[in-house]
Amino acid sequence: MGWFVEENMNWSETYDKRYTWTVEIPESQVGEHSIVHYTPENESDWHPYFERYVMARKESPHLKKYTTLVRNDHWITIMQDSFTEFEEHQWLWGHATGDILITGLGIGFVNEWLIKAPGVKSVTIIEKNQDVIDMVWDHCAKDERFTLIHADADTWEIPEESSWDCIWIDHEISSPTHIAEITDKYQPYTNNLGFYGQFKNLDNYYEIDVDSGMLAVRDPNQKLEWM
Amino acid sequence: MGTYSLGPMPLGVTEGVAGGGGGSPPLTPVIYSNQAGFLATPARFQNLVEMAAQTGPLWGASYGVSDVATGTGVYGLGDNYGGNNGFSVPPDPQRTTYGISMQNTPGAILYEVDTADYMFNYTGAGIYPPGWEDFLNFGAYADDPGSGTASAATSWSWDVTIVGSSFSGGAIVFTSGTGATTQQADFGNNPGTGVGEVIRWSLGRGGSIVAGDFLDIQVEVTASNAAGSSTAAVVISIFWI
């Protein structure tokens, strides 16, 4: 198979250094979950969704190794350290300060920024699957400010008098109804509630400064053209 | 491992370029939504394609591309029973509720979708399992203005391309299938498949398509003969609002 970039897509190979975080989680399998590295060399073994994903999202597997989280018989790869994921987290990049709650550990993608983001006091991560915790937590970026809670974010009983400066909903959502339920559940505990994959009409769009590894407002300040 | 290019996928043919050997390349074909319409009142069906959305049996009420002559919906986005490609549309597609409006302009169809209604049917009605893919397929007929002359087309190929898209929540959209090679690539001749290639999309980790998302699709036909080829296209723009 081959990939191509469709007309009007202003794609550039230089984007690889500016537009995503790369995690270093080793391949493993625990229970129903696996951490898998996708490269051109193992293309024949890619998850069907990932095959479509790289084409639909103008990803560039010829430029980087992709670390992905997959679950047996699941129709999507749950998370990957892709350019697309970076763009789909733009809201978080602009709101991550103070005390932060994250639902879903995934591959620890957001940790790559939160560990060095200015003004982050604490990061609390809720993860439902012990499989994922076993594979990822020991290897993802973290320090003493990071706390992991093994619980289902949908049913977790939020401790009384909790509050966060920012809550980022990053676990799997099934429908708009689910979004509404999560909003009702978490909105009272923050003034900044964001959801994975809602990246449009933001005030600022960020990219990674190649030299410092820090985020800077993109110039021009706009989302990626094909997203 | 495939190769990458920074430009559009080569079509393998070039519009209006002579291939040598005498004769003339085909004239630019004209796309109609179906052959029956072309044979009856062609002005009403020109620059349209039939569209069939693979969504759910509970979707009812009005639908349709507003006919260029009458302004009424006759052919347009319909429902083919969740993937039953044996279902021929039109003349009797199941109807959808989510369409808010359609406009036809030469070579383009603009279609607005009620996001809340669409997503309720997609995820809230309890019909579809997780991972359900929505489909959109197309039917069309290509008239050859040079038919019966030295520039008559001798072969046809149809191609469906995503020329622009913006999906939230990790949803992805892609094409699949193989383009038809029949001049009559409507659902009457190719039931359920039409021009062959289809558009498919599925939700991602975020669980929803949201207002502001859009999809631009080009349905293109290439007419060829020994002397060259010529193309025509219709663009369908779908906006979730």
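Whatever comes next refers back to the structure up there.
What you are looking at is a predicted structure, and each value in this text was computed from that prediction instead of being measured. (Residues numbered from 1 in each chain as written. Chains lettered and ligands numbered in written order. Predicted model: local features only at pLDDT ≥ 70, side-chain atom pairs only at ≥ 80, totals over all residues. Heavy atoms only, no water.)

**Student:** Can you break down the overall build of chain A residue by residue, with the values?
**Tutor:** Tallying secondary structure elements over chain A gives six helices and 11 strands in all. For 227 residues, the compact-globule formula gives about 17 Å, and the C-alpha radius of gyration of chain A, at 17 Å, lands near that figure. For chain A, the residues scored as buried account for 56% of the 227 residues in total. Here the contacts in chain A between residues at least 6 apart in sequence split such that 66% fall between residues at least 24 apart. Here chain A has roughly 9800 Å² of accessible surface; of this, 43% comes from carbon and sulfur atoms. (Helix = DSSP H or I, 4+ residues; strand = E, 2+ residues; numbered from the N terminus. Rg over C-alpha atoms; globule rule 2.2 N^0.38 Å. Buried < 20%, exposed > 50% of the residue type's maximum accessible area, 1.4 Å probe, protein only. Contact = heavy atoms within 4.5 Å. Areas by Shrake-Rupley, 256 points an atom, 1.4 Å probe, with all protein chains shown as cover.)

**Student:** Which residues make up the environment of Gly94(A), and what values go with them?
**Tutor:** Within the secondary structure, Gly94(A) sits in helix α3 (residues 90-95). Taking C-alpha positions, Gly94(A) is 19 Å from Ser163(A), a pair spaced 69 residues apart along the chain.

**Student:** How would you summarise the layout of surface pockets if you had to cite specific residues and measurements?
**Tutor:** Of the volumes computed, that of the largest pocket is approximately 670 Å³. Lining the largest pocket we find 38 residues, and of these Arg71(A), His74(A), Glu172(A), Ile173(A) and Ser174(A) sit closest to its centre. Of all the elements in the fold, those that place two or more residues in the lining of the largest pocket are β3 (66-71) and β6 (120-127) of chain A together with α3 (115-124) of chain B. (1 Å grid on protein atoms, 1.4 Å probe; cavity = no way out; pocket = protein on both sides within 12 Å on 5 of 7 lines; lining within 4 Å. Points joined across faces, edges and corners; volume = space filled by probe spheres on them.)

**Student:** Residues and numbers for the pattern of salt bridges, please.
**Tutor:** Applying the stated criterion across every chain, the model contains 10 salt bridges over all chains. Residue Lys64(A) pairs with Asp81(A) through a salt bridge whose shortest N-O separation is 3.3 Å. Note that Lys64(A) is positioned in the loop between α1 (48-56) and β3 and Asp81(A) in the loop between β4 (79-80) and α2 (83-88), a separation of 17 residues in sequence. Note on accessibility: Lys64(A) and Asp81(A) belong to one class, buried. Salt-bridge contacts for Arg218(A) lead to Glu87(A); the nearest nitrogen and oxygen are separated by 2.9 Å. Here Glu87(A) lies in helix α2 and Arg218(A) lies in the segment after β11 (215-217), a separation of 131 residues in the sequence. This pair shows no difference in class: Arg218(A) is buried, exactly as Glu87(A) is. Salt bridges linked by common partners bring Glu85(A), Asp170(A) and Arg205(B) together as one network. (Salt bridge = Lys/Arg side-chain N within 4 Å of Asp/Glu carboxyl O.)

**Student:** Explain the sheet that holds strand β9 (residues 193-195) of chain A to me, using residue names and the numbers behind them.
**Tutor:** Residues and elements named next belong to chain A. If you walk across this open sheet you meet the five strands as β7-β6-β5-β8-β9, and the pairing is parallel. Edge positions in the sheet fall to β7 (146-150) and β9, since each of these pairs with one other strand and no more. The sheet shows a mean angle of 15° between the axes of neighbouring strands, taken without regard to direction. Note that strand β5 (residues 98-103) and β6 share six bridges and pair parallel. Residue pairing across strands places Asp99 opposite Ser122, the latter belonging to β6. Across the sheet, helix α6 (residues 176-186) is in contact with β5, β8 (166-169) and β9; its angle to β9 comes to roughly 155°. (Pairing = 2+ DSSP bridges. Axes fitted to C-alpha atoms, helices over the stretch in contact; angles between N-to-C directions.)

**Student:** Got a sec to walk through a nonpolar patch on the surface? Specific residues and values, please.
**Tutor:** Residue and element names in this part refer to chain B. On the surface, Ile100, Phe239 and Ile241 cluster together into a nonpolar patch covering about 250 Å² of accessible area. Mapped onto the secondary structure, Ile241 falls in the segment after β14 (228-240). With a relative accessible area of 45%, Ile241 lands in the partly exposed category. (Patch = residues over 30% accessible without salt bridge, like charges linked within 9 Å, V, L, I, M, F, W, Y side chains within 5 Å.)

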